[in-house]
Amino acid sequence: QHLRNNLHYHRQLRPFASSVDDPEGDDGMSDEVAKLVRQHAHQPQTSANLETLMKTGRGEFLHKTYKDETLKDGPHAATEKILIQVAGFLRHELPIRLAHRIV
């Protein structure tokens, strides 16, 4: 049953996915949006393993984002900076991952 639902899901997406390569398709997507999806789909996805996610959550990579700042502002400031760092990663990575799913 799960496999059947999964195949049905992919059949529904297929016409939309193929129309990204054909900007004149009738899916309602403008040429500009199709071009943007193609641009993001050509970018490689950033790999993220569990260890990297854990280290990011503990703030072990803050020095990469905040090179010139002192990170001794206390736990509240560190938490805020971790959230900003994660948000920046997601802002960059989500369009790429979504485009890979569409195409």
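Scroll up a little and you will see the structure.
Below: a short report on this structure. (Residues numbered from 1 in each chain as written. Predicted model: local features only at pLDDT ≥ 70, side-chain atom pairs only at ≥ 80, totals over all residues. Heavy atoms only, no water.)

**As for the packing of aromatic side chains**
Thought 1: As enumerated under the stated definition, the model contains zero aromatic pairs in all.
Thought 2: Lys 81 extends its terminal NZ or CZ atom over the ring of Tyr 66, reaching a point 5.3 Å from the ring centre. (Phe/Tyr/Trp six-rings, centres within 6.5 Å; stacked < 30°, edge-to-face > 60°. Lys NZ or Arg CZ within 6 Å of the ring centre and 35° of its normal.)

**Focus on the pattern of salt bridges**
Thought 1: Summed over the entire model, instances satisfying the criterion amount to three salt bridges.
Thought 2: Salt-bridge contacts for Glu 51 lead to Lys 55; the nearest nitrogen and oxygen are separated by 3.3 Å. Of this pair, Glu 51 and Lys 55 are both found in helix α3 (residues 50-57), four residues apart, which corresponds to roughly one turn of the helix.
Thought 3: Exposure remark for Lys 55: the relative accessible area of 25% places this residue in the partly exposed category.
Thought 4: Of the charged contacts in the structure, one is a salt bridge between Glu 93 and Arg 97, with a shortest N-O distance of 3.0 Å. With a gap of four residues between them, Glu 93 and Arg 97 both fall in helix α5 (residues 75-102), about one helical turn apart. (Salt bridge = Lys/Arg side-chain N within 4 Å of Asp/Glu carboxyl O. Helix = DSSP H or I, 4+ residues; strand = E, 2+ residues; numbered from the N terminus. Buried < 20%, exposed > 50% of the residue type's maximum accessible area, 1.4 Å probe, protein only.)

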